[in-house]
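A closer look at the structure
Spelled out from the first residue to the last, the chains are:
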Amino acid sequence: MKWFSIICVMCLVPLAWSANILVLEGVPSPSHHIFITTLSQALAARGHNVTSITSDLDDYKTPNLTYLYLDKLKEYLESPAFQEIDMLEYGTMNPWLSALFMPWYIVDFLDSEIQSTGFRQLLDYPDDFEFDLVLYDYLLGPALLPFVHKFKNPPLVGLTAFYSPSTTANFVGSVFNPAFVPYGYIDTFTVTSFWSRLNNYLLHVVDYVIREHIMTRIFEYHLKKDFPGMTSITELQQQMKLVIMNRDPITDHIEPTLPNVISAGGMQIQALKALPQDLEDIMASAKKGVVLFSLGTNMRSDTIGEKRITEIIGAIREFPDYTFIWKFESSFPLEVPNNLIIRKWVPQNEILAHPNTKLFITHCGLLSTQEASWHGVPMVGMLIFVDQFLNIQKSIEFGVAVTIKLATITSDSLKDAIQQVLNNPTYRQKAQLRSKLFQDQSETPLERAIWWCEYILRNPDVSVLKSRSMDLNLLQRQSIDVIAFLTIVTLVLFLIFTYIIWKIIKRCSRKAARKGNRKGKLE
């Protein structure tokens, strides 16, 4: 019996597989952290040793998961200088100004990241420390990417809470589709007319040029001191084996993707936990149901101004039979109506899953939009900035949402939007249909993401997923050089043809003139 047990243990040993995984959370956003840490925790639960460098820390410890804290970056985000940025004003900014403003907004993070305790800790790791896999959120610049060079280029996988494959053009060879896919920060829903397509095309190209040819040089200049002999940012980025994105065709724009762009939209939506008893009582006792109101994690409700809060309260008072739950992060500055519950934090996923939740008033961040879609809750989109304008588009097209802008909100506009959704049962019916389509998958998004991470761990040298488009520059990849050549050839042939016709007409005219002159002399 003893030998049998030993043999069983020996047989199980090869099944025990523990890899060292480094996660580079370069986007200082709680929503990105929520998405990425879902995968980090799942990989840690499978026995892998995960080290994550981040500006957001969890309130609880997870076995096998270690956080290195970008504390100076967090301090900068909470500083008066950064807090002075008016996100509502930014949301009304022209898309061209957004495209030009965002890169410098990103560069501002760099010094804080470099000075952070977690950055210096990771820098002090020995160069021969072996990481078997690196997960990298690339969306807001490559400040952390040189660690791939430091640790001798372990397999690199892109991982981001954003949805657009166009952002992977630099890394895996995706192409832009500006004819029908809007630029990520554009504030219009459709690209239809010639001029809108031209504007959209130029926005994509300018964004690409800024990121690939300007920002990379700035980052390389600042980072070369800490990473001597560093491989160029472009070469490091192009080491990506694949990219895991927070996208799903049910909630996002349909866009062609390469086989190494993996969709894991809604990965953060996990098994439901029990609601706290007081919240459960509130949910159950709501006369006509509950309306959840949240502006997400990047925009605090207490920063929108007392005038807007007053307008929102005015609309809430118009629905006394509904219970409103508002995630409001500090002391509420006004008298609270009887049908309003104020909480500094709410378990959003669990409230949206509750059958008595009738409506979600949301900023339309991607994670919130997905969670409402997953649980079949119709929405009133209270749009603020960046991708939120596009996040809500498919919800409107599907018939599960209406939208207003927070910057110009009034009691009447919010009241009308709420009434439109609550009083028309088709919004709820279509939301339930969308939920059914979203959940009908062969595997959960998290299972898909885990499988692909472990696929790269099993096959670290895999190259079959790499597109030959990576050997082409942007002009070649988009066939701009071919189109330009054909245009020039066509123009030249047209000019030659026009010249020949002109010569023929001129010669015929001369002949006709000479014939007329001879005829005149004979007469």
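Residues numbered from 1 in each chain as written. Predicted model: local features only at pLDDT ≥ 70, side-chain atom pairs only at ≥ 80, totals over all residues. Heavy atoms only, no water.

1. Considering the overall build of the protein
Note the cut-off: Helix numbers and strand numbers start at the N terminus; a helix is a DSSP run of H or I with at least 4 residues, a strand a run of E with at least 2. Should any heavy atoms of two residues lie within 4.5 Å, those residues are counted as being in contact. Positive charges come from Lys and Arg, negative ones from Asp and Glu, while His and the chain ends are left out of the count. Where a charge lies is defined by one atom per residue type: Lys uses NZ, Arg uses CZ, Asp uses CG and Glu uses CD.
When its secondary structure is counted, the protein shows 22 helices and 13 strands. By principal-axis analysis of the C-alpha atoms, the protein measures approximately 120 × 70 × 50 Å. Across the protein, contacts joining residues at least 24 apart in sequence account for 70% of those joining residues at least 6 apart. Charge centroids of the protein, computed over 48 positive and 52 negative side chains, lie 15 Å from each other.

2. A few points about the sheet that holds strand 2 (residues 49-54)
Inclusion rule: We treat two strands as partners when DSSP finds at least two bridges between them. To get an axis, a line is fitted to the C-alpha atoms, and for a helix only the part in contact is used. The angle between two axes follows their N-to-C directions and goes from 0 to 180 degrees.
Spatially, seven strands are ordered 3-2-1-4-5-6-7 in an open sheet, and the strand pairing comes out parallel. Since the sheet does not close on itself, it has two edges, and those belong to strand 3 (65-69) and strand 7 (261-263), each with one partner. Along the sheet, successive strands turn relative to each other by an average axial angle of 20°, direction set aside. In the packing of helix 20 (residues 445-458) onto the sheet, contacts are made with strand 1 (20-24), strand 4 (133-136), strand 5 (156-160), strand 6 (240-245) and strand 7, and the angle to strand 6 comes to roughly 170°.

3. Observations regarding a positive patch on the surface
The test is simple: A patch consists of residues whose relative accessible area exceeds 30% and which take part in no salt bridge; residues with like charges are grouped when within 9 Å of each other, and nonpolar side chains (Val, Leu, Ile, Met, Phe, Trp, Tyr) when within 5 Å. Each accessible area is a Shrake-Rupley result for a 1.4 Å probe, and residues are judged covered by the shown protein chains and nothing else. Salt bridge, as applied in this entry: a Lys or Arg side-chain nitrogen positioned within 4 Å of an Asp or Glu carboxyl oxygen.
Residues Lys-503, Lys-506, Arg-507, Arg-510, Lys-511 and Arg-514 make up a contiguous surface patch of positive charge. The topology assignment puts Lys-511 in helix 22 (residues 480-522).

4. So, helix 18 (residues 411-422)
Owing to its 3.6 residues per turn, the α-helix aligns residues three or four sequence positions apart on the same side. We count it as follows: Every helix has an expected span of 1.5 Å times one less than the residues it contains. The rule is simple: take the accessible area with a 1.4 Å probe, protein chains only, and divide by the maximum for that residue type; under 20% is buried, over 50% is exposed, in between is partly exposed. Note: the arc covers the axis-to-C-beta directions of the helix.
Across its 12 residues, helix 18 extends 16 Å between first and last C-alpha, which sits within 8% of the 16 Å expected from 1.5 Å per residue. Those residues of helix 18 that sit buried are Ser-411, Leu-414, Ala-417, Ile-418, Val-421 and Leu-422. Seen from one end, helix 18 has its buried residues packed into an arc of 140°, which puts them on one side. Lining the buried residues of helix 18 we find helix 13 (306-316), strand 9 (323-327), strand 11 (357-362), strand 12 (379-383), strand 13 (401-405) and helix 19 (425-439).

5. So, the sheet that holds strand 13
Taken together, the six strands give an open sheet; going across it, the order is 10-9-8-11-12-13, and neighbouring strands pair in parallel fashion. The open sheet is flanked by strand 10 (340-343) and strand 13, the only strands paired with a single partner. In this sheet, adjacent strand axes meet at a mean angle of 20° when their direction is disregarded.

6. Digging into the side chain of His-33
Among the secondary structure elements, His-33 is positioned in helix 2 (residues 30-45). Ignoring sequence-local partners within four residues, the contact set of His-33 consists of Glu-25, Thr-54, Asp-56, Asp-58 and Tyr-67.

7. A closer look at helix 6 (residues 95-115)
Rule in force here: Think of it this way: the bend at a residue is just the angle between two axes, each fitted to seven residues, one set ending at that residue and the other starting at it.
Counted at 1.5 Å a residue, the expected span for helix 6 with its 21 residues is 30 Å, and the 32 Å between its end C-alpha atoms agrees. Of all the bends in helix 6, the greatest, near 25°, is centred on Phe-101, and the proline Pro-103 appears no more than four residues after it.

8. Focus on the environment of Glu-329
Put simply, the rule is: Under this definition, polar contacts are N or O atom pairs within 3.5 Å; protein pairs additionally need one hydrogen-donor-capable and one acceptor-capable atom, and for neighbouring residues in sequence, both atoms have to be side-chain atoms.
Topologically, Glu-329 is positioned in the loop between strand 9 and strand 10. At a separation of 2.9 Å, a polar atom in the side chain of Glu-329 contacts the main-chain amide nitrogen of Ser-301. Looking at Glu-329, its side chain comes within polar contact range of the side chain of Lys-327, at 2.8 Å.

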